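The residues making up each chain are set out below.
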Amino acid sequence: MIEREQVLHVARLARLRLSEAEVERMAGELSGILEHVDRISELDLEDVKPTSHVIELENVLRPDEPRPSWPREVMLEQAPDPAEGAFRVPSPQAE
Amino acid sequence: MGELLELTALGAHRAMVAGEISAVEYRDAWVEAAAADDLNAYLWRNEDGAAGAIAVERPCIAPIAVKDIFCTESAPTTAASRILEGYRPPYTATAVRRLIEAGAPILGKTNMDEFAMGSSNENSAYGPVLNPWDRARVPGGSSGGSAAAVAGGLAPWAIGTDTGGSIRQPASLCGIVGLKPTYGAVSRYGMIAFASSLDQCGPLTRDVSDAALLLAILQGRDGCDSTSVGIPGGLRLPDREDLSGLRFGVPAELAQSTIDAGVREVFEATLKRIEELGGEIAEVSLPNAEHGISAYYVIAPAEASSNLARYDGVRYGMRAEVDGDLIEMYETTRSEGFGAEVKRRIMLGAYALSSGYYEAYYGQAQKVRTRIAEDFSAAFADVDFVVTPTSPSVAFGLGEKTADPLAMYLNDFFTVPMSLAGIPAISIPAGLAEPGSGGSRLPVGFQIAAPAFAEQRLLDAAYALEQSIGFDAKPGEGAGG
């Protein structure tokens, strides 16, 4: 069972602000899903190797040669608040 | 014009190459057909067929509908999320670039579940897509717009993405062909990431030959995606007429699975047909497949919680208006920009990866993934293919499963194991069945899975079976017939 405090903790980790109603609903829904998922924590898989990727991955290398990157103005075109050739954001420190 | 739209993409390509039809007239006929979208299948249409950077100078391949998860330079790309509203990417996804280079005009961008998270297309921030067979029902998801566009005569073919069934399940629910290639067959560059170890691009088409043609264009190694390897040996059009010498494995576990009676009936009839075509039916065992949903709903949300961290209102997409500090801007932007299902999955993933739970959930899920891949390897030592129904039911009603996330997740029961194993699987329409709750008959998909990179063998077998089934029902006429 997921408690309200855990929901708030995970929401902070995920940078989500949940309303009171969302916190309550999330606690119930996550509990239901995790109850189903919990069945795998009972399986004995001690000697099984974990799979993070299904195909054999090889390192892909290229010569380390300088080349032009994206023009700054193209990258800034989609920014919600560009200023002086950079991304402007609110102050990280609250007033 | 009607006759032009009757052509399959392959038929149209041949007619264009032979000079029997005008490529421009053919394209324009589809642009007009797409404009009649009353299924909410498109989020954006390329109205004059020639938008800026994604224009095709000399069309010679059928125009295509593209799931809105693929970046298209200068054309809107939202992944059906508010957080990307108005976003116009500076570059085009490799899969789309390959289509443009082959001569396929882009018809438009199709609706989907937000960030490909869903099985009904009800999680789109821009409203649900309607199933052309019955507008009170879902088309499936997450590539629901692509599937509905092809089934509803709004596009000759389409591309989508499949992470846990998102091509195969909507193809099944809309009565068309959907193929999830082997992980690594098609480049993921420019495909907005959901779960990077599972996401794969693939075709949604009217028939198996079109799927082969489309995958032949899409597949290949790409310097921009180090996990892309292409399909060794490439692909040719399927031409097999029988199934003699081929063994089809039916998981013993299916007997205990919850499957609608009508779906089971079509599945059994298709097995008989395989035998009539000279194929052999054998029992196989996939003992760990039942844990597929659990493993998937840990691994996919975990990867998603990490992939979606990039939407922070700084570099692109929407930013919420706030008076407060940077953290408050992040939190408010993400809370206003993401829909309920996306938040749920981010929370689930962040929880599973958080300190103290990592081993019990993520670590364990990765081991289950190994076990499921081993089950398939063992099965393929004995049989050429593994077959199941694609979905346990026909298309369900709009709103029927939205209140219960777990019930929605269980809908992916038959498609998730192949995704976890990274192997290719195709869904072909096998017949019609009444919904469990009664009503007019709806399409049922038959899923065939093959070992990694055995796409040619898979397409050949699916083609032979498709020719024998002769599925020709269409929305609006096949139902009840």
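Everything quoted here is computed from the prediction, not taken from an experiment.

(A) Spatial organisation of the overall build of chain A. For chain A, the count of helices and strands is 3 helices and 2 strands. If you list the helices and strands of chain A from N to C, you get α-α-α-β-β. If you line up chain A on its principal axes, its C-alpha atoms span 50 × 50 × 20 Å. Per-residue burial over chain A gives 17% buried out of 95 residues.

(B) Fine view of the overall build of chain B. Per the secondary structure count, chain B includes 15 helices and 11 strands. For chain B, the C-alpha radius of gyration of 21 Å lies close to 23 Å, the compact-globule estimate for 481 residues. Sequence-distant contacts in chain B: of pairs separated by 6 or more residues, those separated by 24 or more amount to 75%.

(C) Just the interface of chain B and chain A, in detail. Taken together, the contact pairs 55 residues of chain B with 42 residues of chain A. The set of elements that each furnish at least two residues to the side of chain B that touches chain A consists of helix 9 (292-307), helix 10 (326-337), helix 11 (340-353), helix 12 (358-380) and helix 13 (405-410) of chain B. With 12 residues, helix 12 of chain B is the single largest residue contributor to the side of chain B that touches chain A. Its residues assigned to classes, the side of chain B that touches chain A comprises 27 nonpolar, 17 polar and 11 charged.

(D) Summary view of the domain arrangement of chain B. All names here are of chain B. Split into domains, chain B comes out as domain 1 (1-285 + 372-481) and domain 2 (295-358). Domain 1 and domain 2 are separated by 28 Å when their C-alpha centres are compared. With 24 residues of domain 1 in contact, the opposing surface of domain 2 contributes 20 residues. Contributions of two or more residues to the side of domain 1 that touches domain 2 are made by helix 13 and helix 14 (416-421). For the side of domain 1 that touches domain 2, the residue count by class is 14 nonpolar, 7 polar and 3 charged.

(E) Seen up close, the sheet that holds strand 10 (residues 425-433) of chain B. Residues and elements named next belong to chain B. Overall, mixed pairing links the 11 strands, which are arranged 1-3-2-4-6-5-10-11-9-7-8 in an open sheet. Lying at the two open borders of the sheet, with one neighbouring strand each, are strand 1 (42-45) and strand 8 (280-284). Pairwise comparison of adjacent strand axes, ignoring direction, gives a mean angle of 30° for this sheet. Packing of helix 3 (residues 23-35) onto the sheet brings it into contact with strand 1 and strand 3 (106-110), and relative to strand 3 it is tilted by some 25°. The strands touched by helix 7 (residues 208-218) are strand 4 (157-162), strand 5 (177-180), strand 6 (200-205) and strand 10; relative to strand 6, the strand with the most contacts, the crossing angle is about 145°.

(F) Looking closely at the pairing of strand 5 of chain B. Residue and element names in this part refer to chain B. Side chains Val177 and Leu179 project from strand 5 onto one buried face, and the interleaved Gly178 and Lys180 project onto a second face that is buried too. As paired strands, strand 5 and strand 6 are joined by 2 bridges and run antiparallel to one another. Directly across from Gly178, in strand 6, lies its bridge partner Leu204. Relative to strand 10, strand 5 runs antiparallel, the two sharing 3 bridges. Note on strand 10: the bridge partner recorded for Gly178 is Ser427.

(G) Geometry of the packing of helix 7 of chain B against helix 15 (residues 455-469) of chain B. Residues and elements named next belong to chain B. The N-to-C vectors of helix 7 and helix 15 enclose an angle of 160°; their axes lie 9 Å apart at closest approach. What the angle tells us is that helix 7 and helix 15 run roughly antiparallel. By crossing handedness, the relation of helix 7 to helix 15 is classed as left-handed. Between helix 7 and helix 15, the residues in contact are Val208, Ser209, Ala211, Ala212 and Leu215 and Glu455, Leu459, Ala462, Tyr463 and Glu466, respectively. Along the lines of polarity and charge, the residues of the contact of helix 7 with helix 15 split into 7 nonpolar, 1 polar and 2 charged.

(H) Fine view of unusual backbone geometry. Cis peptide bonds are those with omega within 30 degrees of zero, and the linkage from B:Gly141 to B:Ser142 qualifies with 10°. With respect to the helices and strands, B:Ser142 occurs in the loop between strand 3 and helix 5 (144-151). In this model, A:Glu84 sits at a positive phi of 50°, which is unusual for a non-glycine residue. Secondary-structure assignment places A:Glu84 in the loop between strand 1 (82-83) and strand 2 (86-87). Classification of A:Glu84 as exposed rests on a count of 5 C-beta atoms within 10 Å.

(I) Inspection of the nonpolar core at higher detail. Residue and element names in this part refer to chain B. Counting residues in each nonpolar core, the largest one holds 172 residues, and the members touching the most others are Ile64, Ala95, Ala155, Val298, Met347, Ile448 and Ala462. In terms of domain composition, this core takes at least three residues from each of domain 1 (1-285 + 372-481) and domain 2 (295-358). In contact with Ala462, not counting residues within four places along its chain, are Val208, Ile426, Ile428 and Ile448.

The rules behind each value
Residues numbered from 1 in each chain as written. Chains lettered and ligands numbered in written order. Predicted model: local features only at pLDDT ≥ 70, side-chain atom pairs only at ≥ 80, totals over all residues. Helix = DSSP H or I, 4+ residues; strand = E, 2+ residues; numbered from the N terminus. Buried ≥ 20, exposed ≤ 12 C-beta atoms within 10 Å, placed from the backbone. Rg over C-alpha atoms; globule rule 2.2 N^0.38 Å. Contact = placed C-beta atoms within 7 Å. Nonpolar A, V, L, I, M, F, W, Y, C, P; charged D, E, K, R; others polar. Domains from an automatic or database assignment. Pairing = 2+ DSSP bridges. Axes fitted to C-alpha atoms, helices over the stretch in contact; angles between N-to-C directions. Parallel < 35°, antiparallel > 145°, perpendicular 65-115°, else oblique. Left-handed = near helix turned anticlockwise from the far one by under 90°. Core = buried A, V, L, I, M, F, W, Y, C linked by C-beta atoms within 7 Å.

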